Amino acid sequence: MNQHFSPGLAGGQNSLRNLPDDRGRFGKFGGRFVAETLMPVIREVESAYLAIKNDAAFHAELDGYLKNYVGRPSALWYAERLTEHLGGAKIYLKREDLNHTGAHKINSCMGQILLARRMGKTRIIAETGAGQHGVATATVCALFGLPCVIYMGATDVERQKPNVFRMKLLGAEVRPVSAGAGTLKDAMNEALRDWVANVDDTYYLIGTAAGPHPFPAMVRDFQCVIGNEARAQLMEAEGRLPDVAIACVGGGSNAIGLFHPFLDEPVRLIGVEAGGHGIDTDKTAASLARGKPGVLHGNLTYLLQNDDGQIQEAHSISAGLDYPGLGPEHSWLFENGRVEYVPIDDDEALEAFQLLCRVEGIIPALESAHALAHVTKLAPTLDRDKIILVNLSGRGDKDIFTVADHTGVTL
Amino acid sequence: MSRIAARFANLKKEGRGALIPFLEAFDPDLETSQAILAGMPAAGADLIEIGMPFTDPMADGPIIQLAGQRGLKAGATLKGTLTMVRRFRETDDRTPIILMGYLNPIVAYGPEVFCQDAAAAGVDGLIAVDLPPEEADLLAPHAAAQGIDIIRLVAPTTDEARLPYVLEGSSGFVYYVSIAGITGTRTASSADLSAAIPRVRKFTDLPIAIGFGIRTPEQAANATEIADAAIVASALIDTLARNLDEDGRALPGTVEIVLDQVRALAEAVRGVRVAA
């Protein structure tokens, strides 16, 4: 087997897979920009993470839960009808939507809850946008009997009612956050405030590959199971690597989990940002296309902001992409050119959402529909012997009300 | 000698601690906050801390969050905040001014240029809440080049192994965050502070100010007995917020009501004599 199948195993000297450095930096991006009160616990998480990173017993335990509870490995599906419909490259879908709780978020939640238990933490907090990370966090907390508080923007609570109810069923307390626009950014602020006040017993289970070091690296490593599996599955199905791998980017955890195992390979990597109403409007979530580097939520990364460094509200039809920044490793991969980033707007995502429902019988999450929308543009331009690997990061049951609303249907 | 060092040296001679009141720039508008700032020294402020509004103040409770939002709505920018300091310096060249805020507006301004402009405006110290010592190189060299003190935060969670590292690059004074929590929510007990401050004192000769959770004149006086200065923020902002009209605008008496509270705090702090 190839060395890259081991998560966290460093590549060669010129590998793009060796970061972050000791300061938690990916080039100039990343770092640990938090108040002093949090620094000791951040260092504690870092030590705990380094301790389990190459601990066989930890990984055996995690793998057991991923296999028997989450349902891994997730399928790799050759989307034959979508391929025919688009008339170009062969399209493979990595079916993270088939995981327990319906998205890739559970991969990192399972890893982090095992870590939190090892650290002796007895209370879990998390932020959520679309509610997928909140549901996954509430799920693992129920599984291990830990109290769980989920911060969710009030706007998101309104547009993601099914997930709010799911979290409550799972025993979590959902605290709506009405500051700002009441979306993911505000939920993250409030979760950080909770953590500052409860550092002794609380673990903040961050949902994406962003935030202060070690979260971007740790969440990535837990999500690399996506790319590692897809790679092995594609080798088995086609005997070769994909030509292109595509994933949507909000905070960017599903994308970095898919991309990272391919960073040193001749695979074209494309991250799809949420364009919202369009990147030329002020209703967008495309942090790379429209933002500039700055500091928020513990890391230095691309952010949507005005000239005075005030953070701007993001907009996307997809609550999970509705965030004015993204993980620091993406900022680095953007600046060094290894990964291409493209925007897809709300309408294009809606169209791709409906297309996948009709031709493959799969209802994708609106987040994942952004990646699919780019596939619909790219696949027809490529030869039929090319292979596109797409991360179907989540299922779209949670989005049916939003889609109905946007397509003029009353449920 | 910097204004901060000079002020603490004088207070030591007087045998008392310092009162450091806080105001948020442009809260609820430029004129009102400029008037509060201008009135603070006569009301008994020994040093003054000015909050730089930010959209995402992660270490602040609701009271200061709302103050920042009012400030931003009134058009606060870093440039505008520096202009406030410059105007203040036209009539007061001795009271130290410390700006407190979050890093991103400074990054957007450009840390080097910001420190140059801040020094030129008459700023003496900077507190960047989300800049731990691990990341200090982003700002500290530029501040040092301009003679601006970087005031570091020490928290109850900062243990003795970490304290020397945090204090090593501190200057001006040390800001002891008295509770593990956000601003304006809880108050540390006198017993907690009496245990915590000597622990910090072991590692530094700098004056120590206590902040987060000091609301009353009694608490301020108590803090200056245990440490060297008391920082009062949320309690003053709370008073300001209660004295605005329905649309969040200042009333004719707003400035004086806030300054009355500063006077009461100062009177209590000045009533405490510390053995020199």
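Rules used in this analysis
Residues numbered from 1 in each chain as written. Chains lettered and ligands numbered in written order. Predicted model: local features only at pLDDT ≥ 70, side-chain atom pairs only at ≥ 80, totals over all residues. Heavy atoms only, no water. UniProt positions renumbered as here; feature names shortened; annotations may be inferred. Core = buried A, V, L, I, M, F, W, Y, C linked by side-chain atoms within 4.5 Å. Buried < 20%, exposed > 50% of the residue type's maximum accessible area, 1.4 Å probe, protein only. Helix = DSSP H or I, 4+ residues; strand = E, 2+ residues; numbered from the N terminus. Domains from an automatic or database assignment. Contact = heavy atoms within 4.5 Å.

- Under an unreviewed UniProt entry, the name given to chain B is Tryptophan synthase alpha chain, and the source organism is Acidisoma cellulosilyticum.
- Turning to chain B, the UniProt annotation filed under Catalytic activity (unreviewed entry) states: "(1S,2R)-1-C-(indol-3-yl)glycerol 3-phosphate + L-serine = D-glyceraldehyde 3-phosphate + L-tryptophan + H2O".
- Here is the UniProt Function (unreviewed entry) comment for chain B, exactly as written: "The alpha subunit is responsible for the aldol cleavage of indoleglycerol phosphate to indole and glyceraldehyde 3-phosphate."

With respect to the nonpolar core
For step 1, the next point in the chain: In this structure, A:Ile113, A:Tyr203, B:Leu99 and B:Phe173 are the most contacted members of the largest nonpolar core, which totals 187 residues.
For step 2, the next point in the chain: The element contributing the most residues to this core is helix 9 (residues 215-238) of chain A, with 8 residues.
For step 3, the next point in the chain: If you count residues domain by domain, this core takes at least three from each of domain 1 (25-68 + 105-215) and domain 2 (72-102 + 216-406) of chain A.
For step 4, the next point in the chain: Apart from the residues lying within four places of it in its own chain, the contact partners of B:Phe173 are B:Ile4, B:Phe8, B:Ile20, B:Leu47, B:Ile98, B:Ile151, B:Arg152, B:Leu206, B:Pro207, B:Ala209 and B:Ile231.

Overview of the UniProt feature "active site" (unreviewed entry) in chain B
For step 1, the next point in the chain: As recorded in UniProt, the sites labelled "active site" (unreviewed entry) are B:Glu49 and B:Asp60.
For step 2, the next point in the chain: Of note, B:Glu49 is situated in strand 2 (residues 48-51).
For step 3, the next point in the chain: Apart from residues lying up to four places away in sequence, B:Glu49 is in contact with B:Ile20, B:Pro21, B:Phe22, B:Leu23, B:Ile98, B:Met100, B:Ile127, B:Tyr175 and B:Ile231.
For step 4, the next point in the chain: On the basis of relative accessible area, B:Asp60 is assigned to the buried category, the value being 10%.
For step 5, the next point in the chain: If we ignore the near neighbours within four places in the chain, the residues touching B:Asp60 are A:Arg193, B:Gln65, B:Tyr102, B:Ile182 and B:Thr183.

Points about the side chain of A:Thr137
For step 1, the next point in the chain: Examined against the element boundaries, A:Thr137 turns out to sit in helix 5 (residues 132-144).
For step 2, the next point in the chain: On the accessibility criterion, A:Thr137 (0% relative accessible area) is buried.

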